[in-house]
Amino acid sequence: MNELIGNDIEKAAELLVAGQLVAIPTETVYGLAAHALNEEAVANIFKAKNRPPTNPLIIHLANKEQISDYVTTIPGNAHKLIERFCPGPLTVVLPAKDIVPSIVTADRATVAIRIPAHPVAHRLLTLSGIPLAAPSANPSSYISPTKAEHVLHTLGNKVSYILDGGECAAGIESTIIGFEDDIPVIYRQGIITADDIKAVTGVVRVYSGTATLAPGMSAAHYSPKTPLLLTDNIETQLQQYKAKSVGIITYDNYVADIATDRQILLCTDTDLGSAARNLYAAMHTMDNSGYDIIIAKKFPDAGIGRALNDRLQRAAAK
Ligand code: AMP
Ligand code: MG
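Residues numbered from 1 in each chain as written. Chains lettered and ligands numbered in written order. Predicted model: local features only at pLDDT ≥ 70, side-chain atom pairs only at ≥ 80, totals over all residues. Heavy atoms only, no water.

1. Some details on the pattern of salt bridges
Formally: By salt bridge we mean one thing: a side-chain nitrogen of Lys or Arg within 4 Å of a carboxyl oxygen of Asp or Glu. Each helix is a run of H or I in the DSSP string that is no shorter than four residues. Each strand is a run of E no shorter than two, and both are numbered from the N terminus. Only protein chains enter the accessibility calculation, which uses a 1.4 Å probe; a residue is then buried when its area is under 20% of its type maximum, exposed when over 50%, and partly exposed in between.
Summed over the entire model, instances satisfying the criterion amount to 7 salt bridges. Here Arg311 and Glu173 are joined by a salt bridge, their closest N and O atoms 2.8 Å apart. In this pair, Arg311 is assigned in helix α10 (residues 304–316) and Glu173 in the loop between β8 (161–163) and β9 (175–180), connecting sequence segments 138 residues apart. For the pair shown, Arg311 and Glu173 are each scored as buried. A single network of salt bridges, built from pairs that share partners, joins Glu173, Asp310, Arg311 and Arg314.

2. Here we look at the sheet that holds strand β3 (residues 31–35)
Note the cut-off: Here, strands pair whenever DSSP counts at least two bridges between them. Pairs of residues are marked as contacts when any of their non-hydrogen atoms sit within 4.5 Å. The convention used is that axes are lines fitted to C-alpha atoms, helices contributing only their stretch in contact, and that angles between N-to-C directions extend from 0 to 180 degrees.
Read from one edge to the other, the open sheet built from 11 strands follows the order β1-β8-β2-β3-β7-β4-β6-β5-β9-β10-β11, with strand pairing classed as mixed. With partners counted over all chains shown, the strands left at the sheet margins are β1 (5–6) and β11 (205–206), one partner each. With 5 bridges joining them, strand β5 (residues 90–95) and strand β6 (residues 110–114) adopt antiparallel strand pairing. Note on β6: the bridge partner recorded for Val93 is Ala112. Set on the sheet, helix α2 (residues 39–49) makes contact with β3 and β7 (132–133); between it and β3 the angle comes to about 155 degrees.

3. Here's the deal with the sheet that holds strand β12 (residues 228–231)
If you walk across this open sheet you meet the 4 strands as β12-β15-β13-β14, and the pairing is parallel. Pairing within the sheet leaves two strands with one partner each, and these edge strands are β12 and β14 (263–265). Averaged over neighbouring strand pairs, the angle between their axes works out to 15 degrees when direction is ignored. Examined bridge by bridge, strand β13 (residues 246–250) and strand β15 (residues 293–297) share 4 bridges and lie parallel to one another. Within β15, the position partnered with Gly247 by the bridge is Ile294. Helix-sheet contacts for helix α9 (residues 272–287) involve β13, β14 and β15, and the interaxial angle to β13 is about 175 degrees. Against the sheet, α10 makes contact with β12 and β15, and its axis sits at roughly 135 degrees relative to β12, the strand it touches most.

In structure tokens:
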């Protein structure tokens, strides 16, 4: 039994209050958490991940009533979205109060806030009584973790404890929403889709600016060490890689003429929610299997498929 991993929520809370780093389960991915108001503790998140200081962190809170402790205003549509989707895999970016350390916001005037729905995360936030800054618990730009063991393998020597809450149910990072004159703008796609947002607010934009608002938005991210190719047509691509050892990630059917033990089928009945849950674990497995190349099949470009293609495109970018 590895003592670094366990399900002792009280221990995790004590360590966090004392300024230590603890990996925590959430419904999206595992987070690398620290006391959000302790600048030294937050600085250690950046060190452990080798994360550029320009990449702001999300603050996690126990309940939505606490949001106004950290933001100056909540526009009408933000309020509606918070009521509908929090707790859950939605992050809202709002004007920050001075109490939020600039290391958390990377010197921005805004702060990103999320209320996780995972019962262990909720219990931990309630028990500790502190806000937790927590980016994904992976080395910067590597694949995000959806199991405690992913954290153990990549950041095990950098954390005081890994709180195990099982596999993450959503499996990809939260949808991030900012507001421009009360119009919701999606900065990062997720399980909560543009249509889901629009159904609540009647209006939504997808951020299309060129400025890198956030490293989740930088071209190369979520990347395995093994080269990854994203394609609509695996069979055609395979012709080119005949001499190579290839691992395949797909979601509808196994590819003919390739042993199924070289393939990961992300879901059955093209249930894209399941595909999201399994995607990062599949990428971790493939990356540890010694293939020359991983070929992944592009999803239909709508709804959750759009969020999944976004992650795969960034994983494929060099
Ligand atoms: P991670 O938790 O690793 O996905 O990283 C947190 C992400 O939240 C960042 O990469 C940004 O995409 C986003 N974020 C955090 N704060 C802000 C902010 N003030 N404005 C825009 N995006 C933000
Ligand atoms: Mg991340």
